[in-house]
Amino acid sequence: MMRFLVSRLASALVVILGVSVLVFFLIHLVPGDPVEVMLGEGSQPADREALRRALGLDLPVHVQLGHYLQGLLQGDLGVSLHSRRPIGEILLERIPATLELALAGLVVAVLIALPLGIIAALRKDTPWDGGAMAFAMLGVSIPNFWMGPLLILVFSLWLGWLPVSGREGPASLVLPALTLGTAMAAILSRMIRATLLEVLNEDYIRTARAKGLSWGQVVRRHALRNAMLPVITLLGLQLGALLAGAVITEIVFSWPGIGQLVIESIQRRDYPVVQACVLLISLAYVLVNTLTDLCYAWLDPRIRLGQ
Amino acid sequence: MAALSTAVPAAGPRGAAVSLLPLVVLLLTFVSLTACGVRPPSPDILRFALVSMPVTLDPRFATDATSSRINRLLYQRLVEFDQDDLPVPGLARWERLDARHYRFRLRDDARFSDGTLLTARDVAATYRHVLDPAHASPHRLALAGIVSIEVVDDRTVDFHLEKADPLFPGRLGLGILPARLITSDHPFNRAPVGSGPFEFVAWPAENRLRLRRRRDGQLLEFIAVRDPTVRVLKLLRGEVDMVQNDLPPELVRLLRAREDIVVRTAPGSNFAYLGFNLTDPHAGRLPVRRAVALAVDRDAIIRHVLGGAARPAVGLLPPEHWASDPDLQPLPHDPAQARVLLREAGYGEANPLRLTYKTSSDPFRLRLATIIQQQLAEVGIAVDLKSYDWGTFYGDIKAGRFQMYSLMWVGIKMPDIYRYVFHSSAVPPAGANRGRYADAETDRLIEAAETAPDLAGQARYYRRLQARLLDELPYVPLWYEDHVFAARRGIEGYRLARDGNYDGLAGVVRRGE
């Protein structure tokens, strides 16, 4: 286990370093000059040069990269070109909102997908199966930019149960989490159904039944546990994507998370903020993938990490 | 698949019940959160919805419209503008001691929100900070004509200019900051201290900013809601009290139909136009630009797409501006004449005219562009519509990588915008002459206006310039968009400003609904 963690940590560092360098160069290739965006057209060359100097943008790109990486090692993500605030401070304001929404969305997705997938698999080719899969199809077909306002219309405007948007208390989390969760649940439930059906047809399931275990015990102890491996992989990927910011959902519900920050920063050509966000997102992916691998070992003891 | 289905026995009722447990948990959570979660919005706070939060509350560095509008509430300026966009005293009255020397005398009653008196030293410190190249303020350019600033006494400050500039008072629209906090490098961007009608209370979340009105303690909260539909739904539900602009016409129609909402509009000065690349072999030809101008049916677009909330434009400055020519008439819609012009210019079936039209990816701007594309097609101009994210679009426009584009000028007050936009020396990065327009007569009129000794003299040249531009059509003027304000019934006292600022919040109150 220790060896596994050390090797994952080493590869994570390489990935993060690679992503940082790649993003640094890519963002400098994107059309649009942050100095001109900040000073506007018609600014005097002397002012542009002064601002470039003040922001360190007058240095050769490789020197800028060196400074950026040096800052990273010291935990300094730099300063936003626009608000002139430390980026670490900006991210710390956004991360809790993103974490909250991502985890809530994931919980909703699992709570919906598990029963739907299991019922659809256990009652294959019955109206239960049809109903569950129709729901899944509907969930995956409705885009979040439509689902969000629809939920707002019903639960906020007509029923008056929940706030329309914003991040003010647990109630405001319900609709964005449902919007994210239903879309994710649709994919998850189909995956659970498919893998469960496959597992239920394995020899060891028949053996377990032959040993005298009840059908419920067989499903819970043997089938579900084995069916969960690909589901966990999918969950990991979904969580990674959610931590990268559910942009549409964040915009619809005015949720002040990383997704909105990335979009705003790209539009303003706020290079250091975009770089920091991408770094954070790659970190989130690496972390979630490591956790996914650890879950594999827990679900299936035959998998020995690091071997 | 058939084999699989036969191998899987149906789950018993207990199995189904167990597997439904997570759904039950979800439902119970949902019900409990909905039951305890919603508090009615506090009537003690007035809530104003914005598209985005201000980038900075430091007026020395603010350039985006939201920051500028909110900073107007937090800080006062030496000079304001009247209904004709003429500069009028704000914090100070002024006199021109000679062509290059202005004296400003401050009012006695202006105090910062921390209780200290606003003095001439604060004025000098604010402007000196902006003028210092080391601070890289985006406002330095507009003030570059200042040679020195002299504090005469506590209430009097003198500005010495490099050359005569009758427009100078109008350039002093910067919010004044306390000198002692400038010296101590106070973080005004997140903790502003000004002398405006409002004071800063808190910025509790990234999308919520709270201010307090100084005269009566009324709390005001700005809430950022990017999606217009959601912004309107929040208004309908009472989670916000007011919204202003950035609403598609269909949502404005919906709001107008509601009894609990009051919608008001007022003429605006934001100028929408079509720009051309004058160095392009097609767009650079006057008959082509004139044909485009005649083919666009502004009235129909204003009536059917903008919901009547705009007025046809004749030029950069609206007709009520002191330097504008109120007698200039908008271009007519005459597709037949447009076809004739194109035919005379050598375009036809054998030699069709095809133009690329660039616009931003904003859905509403894209919709307008699509309609203009259709109108141009009706006179025989094939248009390739290309939309880009803002940074890419703006970069292309500045670099001259376009044939035709549409954009809008926002918040224009000073007529010297004409040099910035149309003088041949103002090609980016020196200015905003994005179409590379070069016309000796235009340059001459701009220069003559700048050297006129007073505003009346300047206005005469600027009026001739407007007529010239309407003949030459480096821009095809489209319309000035109205400002739309919607509030919950009971919200009273808000006055819409022509430049769309939020100054009306100083007088707004909530009466019993």
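Residues numbered from 1 in each chain as written. Chains lettered and ligands numbered in written order. Predicted model: local features only at pLDDT ≥ 70, side-chain atom pairs only at ≥ 80, totals over all residues. Heavy atoms only, no water.

Right, let's talk about the sheet that holds strand β5 (residues 101-106) of chain B for a bit. The pairing of strands in a sheet happens through backbone hydrogen bonds and is either parallel or antiparallel. Residues and elements named next belong to chain B. Here we have four strands laid out as an open sheet, ordered β4-β5-β7-β6, and antiparallel in their pairing. Whereas interior strands pair on both sides, the edge strands pair on one side only; in this sheet they are β4 (92-98) and β6 (146-153). The sheet shows a mean angle of 20° between the axes of neighbouring strands, direction not considered. Where β5 and strand β7 (residues 156-161) come together, five bridges link them in antiparallel fashion. Across the sheet, residue His101 finds its bridge partner in β7, namely His160. Contacts between helix α5 (residues 120-131) and the sheet are confined to β5, β6 and β7, with β6 contributing the most and set at about 165° to the helix. (Pairing = 2+ DSSP bridges. Helix = DSSP H or I, 4+ residues; strand = E, 2+ residues; numbered from the N terminus. Axes fitted to C-alpha atoms, helices over the stretch in contact; angles between N-to-C directions. Contact = heavy atoms within 4.5 Å.)

Residue and element names in this part refer to chain A. Helix α8 (residues 171-200) packs onto helix α5 (residues 87-122) with a crossing angle of 35° between their chain directions and a minimal axis gap of 5 Å. Two packed elements cross with a definite hand, and for α5 against α8 that hand is right-handed. Across the contact of α5 with α8, the residue classes tally to 26 nonpolar, five polar and two charged. (Left-handed = near helix turned anticlockwise from the far one by under 90°. Nonpolar A, V, L, I, M, F, W, Y, C, P; charged D, E, K, R; others polar.)

With that settled, the discussion passes to the pairing of strand β9 (residues 208-213) of chain B. Residue and element names in this part refer to chain B. Examined bridge by bridge, strand β8 (residues 198-205) and β9 share five bridges and lie antiparallel to one another. Note on β9: the bridge partner recorded for Phe198 is Arg213. The hairpin formed by β9 and strand β10 (residues 219-224) contains five residues between the paired strands, and Gly217 there has a positive phi angle of roughly 80°.

With that settled, consider helix α10 (residues 298-305) of chain B. All names here are of chain B. Three or more residues of α10 are buried, namely Arg298, Ala300, Ile301, Ile302 and Val305. On the buried face of α10, the contacting elements are α8 (249-256), α9 (286-295), β13 (310-312), α12 (363-377) and β17 (475-488). Positive backbone phi, at 60°, marks Gly307, one or two positions downstream of α10. (Buried < 20%, exposed > 50% of the residue type's maximum accessible area, 1.4 Å probe, protein only.)

Time to look at the packing of aromatic side chains. This structure, assessed with the given rule, holds 24 aromatic pairs over all chains. Look at Phe271(B) and Tyr475(B): their rings are 6.3 Å apart centre to centre, the planes differ by 25°, and that puts the pair in the stacked class. You can see Phe271(B) sitting in strand β12 (residues 261-276) and its partner Tyr475(B) sitting in strand β17, a full 204 residues away along the chain. With relative accessibility at 8%, the residue Tyr475(B) sits in the buried group. Chaining the aromatic ring pairs together yields one cluster made of Phe271(B), Tyr273(B), Phe402(B), Tyr405(B), Tyr418(B), Phe422(B), Tyr437(B), Tyr462(B), Tyr475(B) and Tyr480(B). Positioned above the aromatic ring of Trp128(A), the side-chain terminus of Arg123(A) is 5.2 Å from the ring centre. The ring of Trp203(B) carries Arg190(B) above its face, with NZ or CZ at 3.8 Å from the centroid. (Phe/Tyr/Trp six-rings, centres within 6.5 Å; stacked < 30°, edge-to-face > 60°. Lys NZ or Arg CZ within 6 Å of the ring centre and 35° of its normal.)

All names here are of chain B. Here the domain parsing of chain B yields domain 1 (65-182) and domain 2 (268-481). Using C-alpha coordinates to define each centre, domain 1 is positioned 34 Å away from domain 2. A combined buried area of about 1100 Å² lies between domain 1 and domain 2, and 62% of that area is made up of carbon and sulfur atoms. Counting the surface domain 1 buries against domain 2, the share from its top three residues, Asp85, Pro166 and Leu167, is 50%. Along the contact surface separating domain 1 from domain 2 lie two salt bridges. Between Asp85 and Lys413 there is a salt bridge, with its nearest N and O atoms 3.6 Å apart. Here domain 1 is connected to domain 2 by four residue pairs in polar contact (both at pLDDT 80 or more). (Domains from an automatic or database assignment. Buried area = accessible area lost by both parts, 1.4 Å probe. Salt bridge = Lys/Arg side-chain N within 4 Å of Asp/Glu carboxyl O. Polar contact = N/O pair within 3.5 Å; in protein donor to acceptor, adjacent residues only side chain to side chain.)

Here we take up the pattern of salt bridges. The tally for this structure, following the rule as stated, stands at 50 salt bridges over all chains. Taking the shortest distance from any N to any O, the salt bridge between Asp396(B) and Arg401(B) comes out at 3.0 Å. Taking relative accessible area as the criterion, Asp396(B) reaches 8% and is therefore assigned buried. Residue class for Arg401(B) comes out partly exposed when judged on its relative accessible area of 46%. When the shortest N-O distance is used, the salt bridge between Asp499(B) and Lys413(B) registers 3.1 Å. One end of the pair, Asp499(B), is in the loop between β18 (491-492) and β19 (509-510); the other, Lys413(B), is in the loop between β16 (404-409) and α14 (417-422), and 86 residues separate them in sequence. Across the pair, Lys413(B) and Asp499(B) agree in class, each one buried. Within this structure, Arg85(A), Glu89(A), Glu93(A), Arg94(A), Glu264(A), Arg190(B), Glu206(B) and Arg226(B) form a network of salt bridges that share partners.

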